[in-house]
Amino acid sequence: MNSQNMFDTIRAVPVVVIKDIEDTVPTLQALCDGGLPAAEITFRTACAAEAIRLGAEKFPQMHIGAGTVVNAAQAKQAIEAGASFIVSPGLSPAVAEICREADVPYLPGCVTPTEIMQALELGITTVKFFPANVYGGLSALKALSGPFPQVKFLPTGGIDLSNINEYLAFDKIVAVGGSFMMKGNIKENCEKLMEVIKA
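This text gives an overview of the structure that appears in the document. (Residues numbered from 1 in each chain as written. Predicted model: local features only at pLDDT ≥ 70, side-chain atom pairs only at ≥ 80, totals over all residues. Heavy atoms only, no water.)

### A few points about unusual backbone geometry
Between F130 and P131 the backbone carries a cis peptide bond, its omega angle lying at -15 degrees. Relative to the helices and strands, P131 is located in the loop between β6 (126-129) and α7 (137-145). Positive phi outside glycine occurs at T68, with the angle close to 55 degrees. Examined against the element boundaries, T68 turns out to sit in the loop between β3 (63-67) and α4 (72-81). We note that D103 has phi near 60 degrees; this positive angle belongs to a residue other than glycine. Considering the arrangement of structural elements, one finds D103 in the loop between α5 (93-102) and β5 (106-107). (Helix = DSSP H or I, 4+ residues; strand = E, 2+ residues; numbered from the N terminus.)

### Concerning the packing of helix α2 (residues 24-33) against helix α3 (residues 48-58)
Where α2 meets α3, the axes come as close as 10 Å, and the angle between the chain directions of the two elements is 50 degrees. By the angle between their directions, the pair α2 and α3 is classed as oblique. In this structure, the crossing between α2 and α3 has a hand that is right-handed. From α2, T24, V25 and L28 reach across to α3, where they touch A51, L54, G55 and K58. (Axes fitted to C-alpha atoms, helices over the stretch in contact; angles between N-to-C directions. Parallel < 35°, antiparallel > 145°, perpendicular 65-115°, else oblique. Left-handed = near helix turned anticlockwise from the far one by under 90°. Contact = heavy atoms within 4.5 Å.)

### Looking at the nonpolar core
In terms of nonpolar packing, the biggest core is built from 62 residues, with L31 and I86 touching the most fellow members. Once you skip the residues sitting within four places of it in the chain, L31 turns out to touch P14, V16, L36, P37, A38, A39, M62, M182, I186 and C190. By size, the runner-up hydrophobic cluster in this structure holds 11 residues, among which are M6, I10, V87 and A175. (Core = buried A, V, L, I, M, F, W, Y, C linked by side-chain atoms within 4.5 Å. Buried < 20%, exposed > 50% of the residue type's maximum accessible area, 1.4 Å probe, protein only.)

### Points about the layout of surface pockets
Here the second largest pocket defines a volume of roughly 160 Å³. In this structure, the second largest pocket is lined by V15, R44, K128, F130, T156, G157, G158, I159, G178, S179, F180 and K183. Its residues placed into classes, the lining of the second largest pocket shows four nonpolar, five polar and three charged. (1 Å grid on protein atoms, 1.4 Å probe; cavity = no way out; pocket = protein on both sides within 12 Å on 5 of 7 lines; lining within 4 Å. Points joined across faces, edges and corners; volume = space filled by probe spheres on them. Nonpolar A, V, L, I, M, F, W, Y, C, P; charged D, E, K, R; others polar.)

### Looking at the environment of P155
Among the structural elements, P155 can be located in strand β7 (residues 152-155). Under the relative-accessibility criterion, P155 is labelled buried at 0%. Note: C-alpha distance between P155 and S88 (67 residues apart in sequence) is 12 Å. With sequence-adjacent residues up to four places away left out, P155 is seen in contact with F129, A132, L141, Y167, I173, A175, V176 and G177.

Given below as C-alpha cells:
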C-alpha cells in the first residue's frame, strides 16, 4: 500500500500514545466505531511495538502505522510488528532506506526547503509538516508548494475541529495529523470530526 492509497479514504491520522497494552484494543475500536480507521501509534512508550502488533492482528481493516520513529532500529521493529506506514518528526535517510526495502510508506518530518529537497532525493514526495502551528501553518505550506509542486503534506500540530477544513481545502494536503480526537470520548470526537470533514 502506498501512502496515497491510504489518504484516498483517510483525511485525518490520529496520533495515538499507548501507555498500557491493555488500552490498545479499546482505543482502536473507538477510532473504528467513530469512523476513523487509522492510527499512528507513537514509539514514545515501551509497549509501542507490541501495540502495533496487536492492532495489526485485531484490526486488519485499519491503517496502523508507527509514529515518532527516530532511528533505523525502531523502523525495523515497527515494520516487523506490522506497521503499514512509518512517520518521523524529522528526516532519516537510514529509516527511509529500511522503509524502501520493505515497501512501506515513510513520511518524514520536513519543514524547510533543504529538508524537502533531501526527501525528494530519497524518492519521497509526501512529508509530515511538524509542528505545523510553529512553522507557519497553512501560509507556510502554500509558500513551500510554490517551488515544490510535486510534494504533498501531512501537517500535524495545532490543528483541531476549528481549522481542519481550512487545511484540507488546500490540494497539497493529503490529510492532517493530531491527537485532538484522542482527548475525552474518542468515538464521539471522531464522529464530530467526520461530520466536520464531510460538511
